Number of protein chains: 2
Amino acid sequence: MRSASDLTARARIRDAALARFGTDGIAGTSVRAVAADAGVSPALVVHHFGSKEGLRQACDDYVLDSIRSGGEASVEALDEILQAATPVRRYLARALLDDTPAAGALFAEIVERTEAWLATGEEEGWVRASADARARAVTYVSWLLAPLVLGDQVGRLLGGDPAETATAVRGARAGLEMLTHGLFADDRWLKAFTDINERTRP
Amino acid sequence: MRSASDLTARARIRDAALARFGTDGIAGTSVRAVAADAGVSPALVVHHFGSKEGLRQACDDYVLDSIRSGGEASVEALDEILQAATPVRRYLARALLDDTPAAGALFAEIVERTEAWLATGEEEGWVRASADARARAVTYVSWLLAPLVLGDQVGRLLGGDPAETATAVRGARAGLEMLTHGLFADDRWLKAFTDINERTRP
DNA sequence: ACAAGAACTGAACATGTGTTTAGTGTTTTG
DNA sequence: CAAAACACTAAACACATGTTCAGTTCTTGT
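As the structure is a prediction and not an experimental result, all values here were calculated from the model.

Attention now goes to the UniProt feature "DNA-binding region" (unreviewed entry) in chain A. Sites flagged by UniProt as "DNA-binding region" (unreviewed entry) map to residues 30-49 of chain A. The annotated region residues 30-49 of chain A carries 80% helix and 0% strand content, and the separation between its end C-alpha atoms amounts to 14 Å.

Okay, the protein's contact with DNA strand D next. Near DNA strand D, the surroundings consist of 16 residues, among which A:Val31, A:Arg32, A:Lys52, B:Ser41 and B:His48 are the closest. Sugar and phosphate atoms represent 53% of those atoms of DNA strand D found within 4 Å of the protein. Taking A:Thr29, its main chain carries an N or O atom lying 3.4 Å from a phosphate oxygen of DNA strand D. In this structure, a phosphate oxygen belonging to DNA strand D sits 2.8 Å away from a main-chain N or O atom of A:Lys52. When contributions to the surface near DNA strand D are tallied by element, the ones reaching two or more residues are helix H2 (31-38) and helix H3 (42-49) of chain A together with helix H3 (42-49) of chain B. With four residues, the single largest contributor to the surface near DNA strand D is H3(B). The residue inventory of the surface near DNA strand D, partitioned by class, reads seven nonpolar, six polar and three charged.

Moving on, we come to the UniProt feature "domain: HTH tetR-type" (unreviewed entry) in chain A. Annotation from UniProt places "domain: HTH tetR-type" (unreviewed entry) at residues 7-67 of chain A. Taken end to end, residues 7-67 of chain A is 79% helix and 0% strand, and its two terminal C-alpha atoms sit 21 Å from one another.

Let us now look at the pattern of salt bridges. Enumeration according to the criterion identifies 32 salt bridges over all chains in this entry. A salt bridge links A:Arg156 to B:Asp99, with the nearest nitrogen and oxygen atoms 2.7 Å apart. Highlighted residues: A:Arg156 in helix H9 (residues 151-157) and B:Asp99 in the loop between helix H6 (86-98) and helix H7 (101-124), drawn from two different chains. With a relative accessible area of 25%, B:Asp99 lands in the partly exposed category. Its salt-bridge partner being B:Asp186, residue B:Arg188 comes within 3.0 Å of it at the nearest N-O pair.

Take the protein's contact with DNA strand C next. By nearness alone, 16 residues border DNA strand C, and A:Ser41, A:Ala43, B:Val31, B:Arg32 and B:Lys52 come closest of all. The sugar-phosphate backbone supplies 50% of the atoms of DNA strand C found within 4 Å of the protein. Elements represented by at least two residues in the surface near DNA strand C include exactly H3 of chain A together with helix H2 (31-38) and H3 of chain B. Ranked by the residues each element gives to the surface near DNA strand C, the list is headed by H3(A), at four residues. Residue composition of the surface near DNA strand C, grouped by class: seven nonpolar, six polar and three charged.

About the thresholds
- Along every chain, residues carry numbers that run from 1 in the direction the sequence is written.
- Following the order in which they are written, the chains are lettered starting with A and the ligands numbered starting with 1.
- At least 70 in pLDDT is required for a residue's local features to be given in this predicted model, at least 80 for side-chain atom pairs to be given and counted, and no such filter applies to totals for whole chains, interfaces and linings, which use all residues.
- To obtain the side-chain values, all non-hydrogen atoms of the structure were used and water was disregarded.
- UniProt positions are given in the numbering used here, feature names are shortened, and annotations may be inferred rather than shown by experiment.
- Put simply, DSSP H or I for four residues or longer makes a helix, DSSP E for two residues or longer makes a strand, and each gets a number counted from the N terminus.
- By convention in this text, a residue qualifies as near a molecule or strand provided that one of its non-hydrogen atoms is within 4 Å of it.
- Contacts described as polar in this section are N or O atom pairs within 3.5 Å, which, within protein, must combine one atom able to donate a hydrogen with one able to accept it, while residues neighboring in sequence count only if both atoms come from side chains.
- Three residue categories are used. Nonpolar comprises Ala, Val, Leu, Ile, Met, Phe, Trp, Tyr, Cys and Pro, charged comprises Asp, Glu, Lys and Arg, and polar comprises the others, including Gly.
- Any carboxyl oxygen of Asp or Glu within 4 Å of a side-chain nitrogen of Lys or Arg constitutes a salt bridge here.
- Burial classes follow relative accessibility: with a 1.4 Å probe on protein chains only, a residue under 20% of its type's maximum area counts as buried, one over 50% as exposed, and anything between as partly exposed.

Below is the structure:
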């Protein structure tokens with residue numbers, strides 16, 4: 001791990017922005033604050049990135065690339081993402097909520113890959129059949145991302161530091177359990193839900 | 001449904017703030033914008049709520065109360081929340097991410113109720129046993145909340161309007177399927193995950 | 001060694017921000 | 001009905017914001 005001082009100023013600014021944007025939100029972060037964190041003048045920020053918006057896009061590119069290069073969309077990927085540097089996690093959560101074009105594209109991409117991956121599993125017999133493969137993929141991905149977006153809340157209730165991997169692992173294991181054996185022992189809720197919908201929309 | 005004009009100015013300001021805060025974030029929303037949406041002067045906003053922070057707290061209270069009064073934390077509650085007015089949904093998502101004290105309390109409360117509900121189910125035999133009841137409850141709740149927080153992303157990929165209930169229902173059904181029958185047909189992933197963890201932390 | 005260019009800064013500018021103040025109508029109340 | 005309380009506004013204030021500009025220091029290729 002490299003210390004802050006032996007990074008180029010440009011990288012230092014980007015990292016500072018990533019962290020600030022992640023914690024305080026993009027609108028809640030001033031160029032001056034980023035500059036101060038990086039130990040440079042506000043003018044240098046705009047010199048390197050053109051504008052605050054340019055800085056945000058640079059963060060987008062950096063985060064998305066580092067996730068994309070992370071490998072296949074699979075259960076292992078879950079583990080990787082959860083263990084990724086927390087500033088990146090926080091930033092990604094903000095980007096997804098703020099509905100950045102880049103974040104939207106990433107989400108769509110992950111869903112696409114996941115749907116294909118689940119289809120393979122279905123063929124090979126280790127994934128159950130589904131009535132709506134698309135909806136399942138979307139829901140599954142949003143479940144993967146949920147503890148990431150709700151990191152603070154989940155972490156607090158699962159003890160200790162949300163940044164601590166042990167905490168994330170605990171949640172991930174519980175999730176895998178549900179996905180493997182199911183949560184409900186019979187289909188009473190599924191039936192009830194289907195019934196309600198059929199009654200509402202005949 | 002009541003039109004905007006026959007609400008008191010105070011309520012109109014609160015509603016406008018709810019919507020603005022939800023879409024643009026709290027830091028990204030100016031008192032002037034809220035005032036303009038509500039058709040009042042900026043000074044009236046602070047007259048009624050003391051400050052921008054006071055306005056945010058009023059939104060917190062309003063949203064949380066309307067959710068709390070919604071009934072039991074159960075699968076039916078999922079449906080209710082998903083069908084709730086979208087401005088409220090968006091605001092709640094922001095509040096959870098911004099880690100408002102009130103939002104954190106709500107999350108903890110929902111988890112508490114859910115854990116108790118799952119424990120009842122375990123006793124009555126319609127919920128499977130779990131190695132870590134707490135972690136399961138937390139994960140389950142974050143899964144319920146996931147499509148709410150990631151509403152824009154999920155909605156776009158599931159077709160049409162994210163506000164449309166049909167879209168949300170489609171995702172909810174897919175989720176219930178996974179929770180009932182499980183997603184994976186065998187425990188290869190669960191085993192793999194457990195193995196990795198045991199190897200990492202002996 | 002020198003010139004060209006990049007990295008970098010301090011001060012300033014224009015604008016948007018949350019909030020205050022003084023004041024005007026409009027209810028409510030004794 | 002007068003007075004007190006309330007709803008409400010226009011104008012202004014102090015400050016924070018994103019960005020620009022002129023200038024300085026540092027690096028680098030020749």
